[in-house]
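Chains, contacts and geometry: an overview
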Amino acid sequence: MKFYGELLVFILLFITNFRVFFVKSARHDPLVVLAPFTFTIALLQIFSFGIEVFTVLGFIIALLVLLSNFHAIFRYSENLYIDHYSPLMMIWAIITSILSAAAIAGIIIFAPLELNSRKLNIMESQTRLKGNFRTGFSSAASYSPADAFLYKFEPIQKIQEEEKSEEVVIFFPDKLGNTEHYKPYLQLLASKGFTVYSADFYADDCRWLHSIEDMKILRRLAMLIRSEVKPSFFASQREFYTYNISLEINAMISLLSEKYGNDSSFYLVSDIMGNTAISDFTIKQKSKVKDFFFLNSVPEYETSGYGFIKQTDPLFSFYKGLEWDKNFSEAKILAEKTAEHFAHLAAKAEENTEEEAS
């Protein structure tokens, strides 16, 4: 959705600016209403998907285009005619048209790669949650602000058979990447028969940056900048990050225990940031954890900590000097290794049960 939203913004900007070259005689200028409409879409893109290169560029150009067309918007609202545009407006239209065309090309070139859930025979869903880590989380009312977003990836066969899955995986993404940046892996893991959950938390009682940067639209970008500009300082915060992830683990276990029962146990998976927290939780709450797996334990995983940016964020991947993985080979290997790890554990547990019975 982000890709199509960004593309729509710049196409509308191009049309809005390029229209000035077609004024040959006095007439109404209805296309000028695209300026406020495009600005609104650009603003919604930021609130929906956060501050990134193309969302910010689209917002800035849309704002400037709106301001530069204010007089034309006023004339149209008063049902007045326009017979020409000033040379300055023509120059501005050329500049913004070129920028918009270049942005369209960039968006297409750096478009994220996606797996088709239907072809994988899985179903995706998102639940908006309200609350915090002190009082717990529950479903948020429609159109009300959300403090967390819970994602579920489940095999369609289990849904059709109304089967209550016992193979539940809870994934904890690093904060250098949200759930969307791990999505190919989560989809492929679900296609192997697991019900997979992941969540992005933005509760007010769990601060990562202790500033306005903790906002949903800013956090990932702020974390990336800090990790790039001050890598040693970022690494020194590992104990603090472990504490925050531990809050997320407790919240997810509580949420899913309500759904699957208090005696249920889960598989836990994390990237670098959550590894220590998962290990500590397993020691304290062994009955709630079937087993855990660390993505960065697989040598083929080149983008540990960031997610699968070779597909989900090609622009940042390009910045890091990485080759794009259009075949999703890395995500496939990780999903396969995860499934093998948990299958081996299940087989071993079954063997122990048979030995005890005999």
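First, a word on what this report is: a plain description of the structure on this page. Everything quoted here is computed from the prediction, not taken from an experiment. Numbers given for residues are sequential positions, taken from 1 along each chain in its written order. pLDDT decides what is reported in this predicted model: residues at 70 or higher carry local features, side-chain atom pairs at 80 or more are listed and counted, and totals for whole chains, interfaces and linings draw on all residues regardless. Neither water nor hydrogens contribute to the side-chain values; these are computed over all heavy atoms in the structure.

**As for the environment of Ser125**
- Only runs of H or I of at least four residues qualify as helices and only runs of E of at least two qualify as strands under DSSP, and these elements are numbered from the N terminus. The residue Ser125 is located in strand 1 (residues 122-132) in this model.
- Taking the C-alpha atoms as reference, Ser125 lies 6.8 Å from Phe153; in sequence the two are 28 residues apart.
- Beyond its immediate chain neighbours, meaning those up to four positions away, Ser125 contacts Leu150, Tyr151 and Lys152. By definition in these notes, contact holds between two residues if any of their heavy atoms fall within 4.5 Å.

**Brief notes about the sheet that holds strand 5 (residues 195-201)**
- The seven strands are arranged 2-1-3-5-4-6-7 in an open sheet whose pairing can be described as mixed. Since the sheet does not close on itself, it has two edges, and those belong to strand 2 (136-139) and strand 7 (289-294), each with one partner. The mean angle between the axes of side-by-side strands here comes to 25 degrees, regardless of whether they run parallel or antiparallel.
- Strand pairing is assigned whenever DSSP detects at least two bridges linking the two strands. As paired strands, strand 6 (residues 266-270) and strand 7 are joined by five bridges and run parallel to one another. Of the residues in strand 7, the one forming a bridge with Val269 is Phe293.
- Its contacts with the sheet place helix 7 (residues 183-190) against strand 1, strand 3 (148-155), strand 4 (168-172), strand 5 and strand 6, and it is angled at close to 40 degrees to strand 3. Helix axes are fitted only over the stretch in contact, all axes being lines through C-alpha atoms; the angle between N-to-C directions runs from 0 to 180 degrees.

**Looking at the packing of aromatic side chains**
- The aromatic pairing rule takes the rings of Phe, Tyr and Trp, using the six-membered ring of Trp, and pairs them if the centres are within 6.5 Å, calling planes under 30 degrees apart stacked, those over 60 edge-to-face and the rest tilted. If you walk through the whole model with that rule in mind, you get 24 aromatic pairs.
- Between the aromatic rings of Phe39 and Phe59, the centroid separation amounts to 5.5 Å while the plane-to-plane angle is 35 degrees, which identifies the pairing as tilted. On the criterion of sequence distance, the pair formed by Phe39 in helix 2 (residues 34-49) and Phe59 in helix 3 (residues 53-68) is long-range, its members being 20 residues apart.
- According to the relative accessible area criterion, Phe59 is partly exposed, its value standing at 22%.
- Taken together, Phe171, Tyr182, Tyr185, Tyr301 and Phe308 form an aromatic cluster joined through their ring pairs.
- Definition used: whenever NZ (Lys) or CZ (Arg) falls within 6 Å of the ring centre and also within 35 degrees of the ring normal, the charge is taken to sit over that ring. Over the ring of Phe149 we find Lys216, and its NZ or CZ is 5.3 Å from the ring centre. Exposed residues in this analysis have more than 50% of their type's maximum accessible area, buried residues have under 20%, and partly exposed residues fall in between, with area computed by a 1.4 Å probe over protein chains only.

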